[in-house]
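Chain by chain, the residues run as shown.
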2 protein chains.
Amino acid sequence: MARRARARIDRLNADTTVPASPHVQRQLPLFDVIDDETLAVLDAQVDWLIENVGIEFRDDPEAHRIWIEGGAEVKDNRVHIDATRVRELCRLAPPEFTQIARNPERNVVIGGNNQVFAPIYGAPFVRDLEGGRRYGDMESFEKLVKLAYMHPNLHHTGLVICEPCDVPVSHRHLDMVYMHMTRSDKPHLGAITEMSRAQDSVDMAEILYGKDAFDQNCVIMGNVNTNSPLLVDKVVSQAIQVYCGRGQGIVVVPFILSGAMGPVSTAASVTQAMAEAMVCCAFSQLVRPGAPFVLGNFLSSMSLKSGAPTFGMPEPVMSNYAIGQMARRVGLPLRCGGSLTASKIEDAQAAYESADSMHSTALAGANFVLHAAGWLEGGLCTGFEKLVMDADRLGAYQKLLNGLDASPEALARDAYEEVAPAGHFLGCGHTMRNYTTAFYEPALSDSENVESWEEGGSKDMRRRAYERWTTMLTAYEAPPLDEAVDEALRDYISRRKSEIPEAWY
Amino acid sequence: MARRARARIDRLNADTTVPASPHVQRQLPLFDVIDDETLAVLDAQVDWLIENVGIEFRDDPEAHRIWIEGGAEVKDNRVHIDATRVRELCRLAPPEFTQIARNPERNVVIGGNNQVFAPIYGAPFVRDLEGGRRYGDMESFEKLVKLAYMHPNLHHTGLVICEPCDVPVSHRHLDMVYMHMTRSDKPHLGAITEMSRAQDSVDMAEILYGKDAFDQNCVIMGNVNTNSPLLVDKVVSQAIQVYCGRGQGIVVVPFILSGAMGPVSTAASVTQAMAEAMVCCAFSQLVRPGAPFVLGNFLSSMSLKSGAPTFGMPEPVMSNYAIGQMARRVGLPLRCGGSLTASKIEDAQAAYESADSMHSTALAGANFVLHAAGWLEGGLCTGFEKLVMDADRLGAYQKLLNGLDASPEALARDAYEEVAPAGHFLGCGHTMRNYTTAFYEPALSDSENVESWEEGGSKDMRRRAYERWTTMLTAYEAPPLDEAVDEALRDYISRRKSEIPEAWY
């Protein structure tokens, strides 16, 4: 019995299917945590920040020109504009849009009741149980992209799943985008760190999808952080111009540790984040009305004893719920949250913090969730085990977001007619009809008794996760890609690498 | 810097304060996951179960007499009664009530917007990092009661924090109740496993509180499981008669693993649980109108491959949210959920499952939460580390349940007047005024950088939790108790032990 149970778990661990549904289509009602009176107070604060404090746009004269043409006043780099005008411009952005994937079965809808999960973004380090902690490199990057592609609970592969630190910074974006385009057929992001890198990403997407599909669809998006508080530098304003200018999507994310880049208050930080992101959305719609825009949010707290950022704490959990409600109010797709933690390894701390963070992210209705899997050390490190552990839990949120099935079959009246009081339902007709689909069965949770678990080697979840991702990689098969397209991409990269000097900054 | 950070964490670990607030007074809005149309369908199913299927009351002729006198029909042990009559009787129970503690500062309000957290109940085994897994005994029991008393985030000490397996079963309840009465001054539960043990618990409470306080207050409660499906045996019906008969409180809990003790469907299991608990509430109000009653619920899923119970999965998470809404509808205080897991040790699985389980328990508005800390192995084992790890996270839920502060001070307009765009808020006036209370700072989360963490010995959360509970115990001081009362309790126990033969069943 114990051996059979173990064999079943091993089979589950080897499961490498890709998702039946390419994203979550939520049925569960939304959770409104703010009453109408408080909402009015918060709206007024957003407007006050936009109108009376203003947002600085720096080092981008073209951005200033666009703002002035759009009716704003720019004084000492500070953009002042009517909040009403900002809200009108935000309404030009689509409340939901489709980002197509090169495999049409993996197209994702971003916005509305749809929720899309993507892995960690931007960690310079990686860690796995056998290899320990080390700088990210292209070998790790490739493995992680393959895992994100293979995992049924990830819908989108993001971009900087770890920093491939062995590739020159000036060439890195080309190799990263190419990996996502060829090792996976799920949708992904492009680079943003410099205007030319954003352009390369968009150009490569045009090659991959062809001009027609590119012109008619969102095929790639950029994800970029404002310089909170209240500053938008040229990396942001130029990324918006490149992506939105060509009809592609942009995610703009105020990154605020309350107490540092915002006041030491969740309410103030939430309104500041809304003001920054809404002004960026308005800017994107001046660049191109109707361009896909995702209102981003990344708020966390800090240890006010040591200054260290903290994650999965009640204040960012509260901010997830609050920002969900506020984003719905302005009618924009939302990115927030993720499976976040300050822990260095995949211990209980990592899981408690990640679960509270992701539970609130999911219930808040976040439409695009970067960092949904793989995050360790406040985002400094991508964990191989963490990636598959978090992704395993994402299946539970997907099931929860389906809501409560109260159909006649779910009410099971025939079961009560069949089973007497004090009886059991194990073998009744209703159970036989429904048991294979009744429950989400996570691959990495061991629910066997202590004897079976000990017999199997007393493996903790971290060890089981190591076994799972290594098994997954041995089963990897690249999704098919037209050889001519692949060659065109490789030609593009090779030309650009010869044009761009190698640089490590 | 690293050393200072470490010293701070050590100080936090030694923190053994008792709570400023004896229970959570929730400000956060409630989360309704079921729409009105579905609610009507579920209500109709509850009524159908009560009226057409009926609930069996077995081996308790007195219970049958009470039912018949109350207007029910009893046929072959099966109680049939109008659902309308059941709902009327349920309205006689108080929507909220106070359980007093022998230290009045620790009185708890159960019901309404109040939420009370208590530790694990009923595990035969214990586990700690150094001692490993073993049968519970009175030494462990005493330590665990002390920890529950000392922890600021636990409001109530429950009862069977582990089974003290070295004490004869027939005497065990006396020693357990005495430990809670003397090692702690927080409220607690009494025994229920047999009518005479329930009576002993209530009698001891009358000695502890004195006759007047006992007659005028709820000073003790019993917690008892129905025999799902649809059976109430005499343990339950007699516990209700003993506790409610003397004006004390009772928690009645259908324990349903969907697919075994209920249909393999969350909706059906939720309605079955409501039907069982509401009928027991109606019974309690026939015993004594106005007696404090807590509508309990314990639903979980199972692995339909191996039959093992699973915890922290989306189906029980959904049932927490759903049952919260349904309990509010009938106006009864609710017990559900907890920090539940099937994991054998305090690894990431334990924490993911516990966090999803407890997050939903807290948001669902559960008024009394047994198993809020310490649960391992599907409830078979109390973890010493798990107890303090979970309790640490309970502080985060308490903070979240305070809701969003949007007062003028929280909006921090003066901070924006002081700090320019791209500046930082670390030293501004608003931060200085608020930083000490802005964030929940959990004692067991390590948010330092990887270098500091390695310098401190690369301790995972489990190791830090071990250090915390051992440190707490060295600082334990018993709360004061009148010597005459203590003596009266000891006399009672000694008399009862001489009357009751030692038995191990």
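Reference entry: report on the structure contained in this document. (Residues numbered from 1 in each chain as written. Chains lettered and ligands numbered in written order. Predicted model: local features only at pLDDT ≥ 70, side-chain atom pairs only at ≥ 80, totals over all residues. Heavy atoms only, no water.)

### As for the environment of Asn114(A)
Residue and element names in this part refer to chain A. By secondary structure assignment, the location of Asn114 is in strand 7 (residues 114–117). A relative accessible area of 8% places Asn114 in the buried class. For Asn114 and Val202, which are 88 residues apart along the polypeptide, the C-alpha to C-alpha distance reads 25 Å. Setting aside residues no more than four positions away along its own chain, Asn114 makes contact with His23, Val24, Gln25, Glu96, Val109, Ala366 and Asn367. (Helix = DSSP H or I, 4+ residues; strand = E, 2+ residues; numbered from the N terminus. Buried < 20%, exposed > 50% of the residue type's maximum accessible area, 1.4 Å probe, protein only. Contact = heavy atoms within 4.5 Å.)

### Considering the sheet that holds strand 2 (residues 55–57) of chain A
All names here are of chain A. Across the sheet, which stays open at both edges, the four strands sit in the order 3-4-2-12 with mixed pairing between neighbours. What marks the edges here is a single partner per strand, and that holds for strand 3 (73–75) and strand 12 (231–232). Judged from the two bridges that link them, strand 2 and strand 12 form a sheet pairing that is parallel. Looking at strand 12, one finds that Glu56 is bridged to Leu231. (Pairing = 2+ DSSP bridges.)

### Examining the relation of the copies chain B and chain A
The transformation that overlays chain B on chain A combines an axial shift of 0.0 Å with a rotation of 180 degrees, and the residual RMSD is 0.0 Å. With respect to symmetry, the two chain copies, as superposed, fit the operation of a two-fold axis. Every residue of chain B has its C-alpha some distance from the rotation axis, and the shortest such distance is that of Ala348(B), at 2.2 Å. Both copies present the same face, since 100% of the interface residues in chain B are matched by interface residues at the equivalent positions in chain A. (Least-squares fit on C-alpha atoms with pLDDT ≥ 70 in both.)

### Quick look at the side chain of Ser228(B)
All names here are of chain B. Relative to the assigned elements, Ser228 resides in the loop between strand 11 (221–225) and strand 12 (231–232). A distance of 3.2 Å separates the side chain of Ser228 from the side chain of Thr226, its partner in a polar contact. A distance of 2.6 Å separates a polar atom in the side chain of Ser228 from a polar atom in the side chain of Glu276. Sequence-distant contacts of Ser228, defined by excluding residues within four places in its chain, comprise Pro254, Phe255, Ile256, Met261, Gln272 and Glu276. (Polar contact = N/O pair within 3.5 Å; in protein donor to acceptor, adjacent residues only side chain to side chain.)

### Points about the interface of chain B and chain A
Every contact between the two is made by 119 residues of chain B and, on the other side, 119 residues of chain A. Note on chain B versus chain A: buried area summed over both sides is about 9,800 Å², and carbon and sulfur give 68% of it. Contact with chain A buries surface across chain B, with Tyr352(B), Tyr416(B) and Phe439(B) losing the most and accounting together for 9% of the total. Across the pair Asp446(B) and Lys344(A) runs a salt bridge, and its minimum N-O distance is 3.0 Å. At the surface where chain B touches chain A, the tally comes to 48 residue pairs in polar contact (both at pLDDT 80 or more). The greatest single-element share of the side of chain B that touches chain A, amounting to eleven residues, is contributed by helix 12 (residues 348–363) of chain B. Here the side of chain B that touches chain A is composed, by residue class, of 65 nonpolar, 27 polar and 27 charged. (Buried area = accessible area lost by both parts, 1.4 Å probe. Salt bridge = Lys/Arg side-chain N within 4 Å of Asp/Glu carboxyl O. Nonpolar A, V, L, I, M, F, W, Y, C, P; charged D, E, K, R; others polar.)

### Brief notes about the packing of helix 11 (residues 314–330) of chain B against helix 12 of chain B
Residue and element names in this part refer to chain B. At a minimum axis separation of 8 Å, helix 11 and helix 12 run at an interaxial angle of 10 degrees. Relative to helix 12, helix 11 is oriented roughly parallel. Residues Val317, Asn320 and Tyr321 of helix 11 form the contact with helix 12, whose participating residues are Asp356, Ser357, His359, Ser360, Thr361 and Leu363. Class assignment of the residues belonging to the contact of helix 11 with helix 12 gives a composition of three nonpolar, five polar and one charged. (Axes fitted to C-alpha atoms, helices over the stretch in contact; angles between N-to-C directions. Parallel < 35°, antiparallel > 145°, perpendicular 65-115°, else oblique.)

### A closer look at the packing of aromatic side chains
Across all of its chains, the model carries 29 aromatic pairs over all chains by this definition. A centroid spacing of 6.1 Å and a plane angle of 80 degrees characterise the contact between Tyr149(A) and Tyr476(A), whose relative ring orientation is edge-to-face. Pair noted here: Tyr149(A) is in helix 5 (residues 138–150) and Tyr476(A) is in the loop between helix 18 (461–474) and helix 19 (483–499), with a separation of 327 residues, a long-range link. Ring geometry for Phe57(B) against Phe283(B): centres 5.5 Å apart, planes inclined by 50 degrees, an arrangement best described as tilted. Of the two residues, Phe57(B) sits in strand 2 (residues 55–57) while Phe283(B) sits in helix 10 (residues 266–287), which places them 226 residues apart along the sequence. You'll find Phe57(B) and Phe283(B) in the same group, each marked buried. Members of the aromatic cluster, each reached through a chain of ring pairs, are Phe31(A), Tyr321(A), Phe31(B) and Tyr321(B). For the cation-ring pair, Arg133(A) lies above Phe125(A), with the distance from its terminal atom to the ring centre recorded as 3.9 Å. (Phe/Tyr/Trp six-rings, centres within 6.5 Å; stacked < 30°, edge-to-face > 60°. Lys NZ or Arg CZ within 6 Å of the ring centre and 35° of its normal.)

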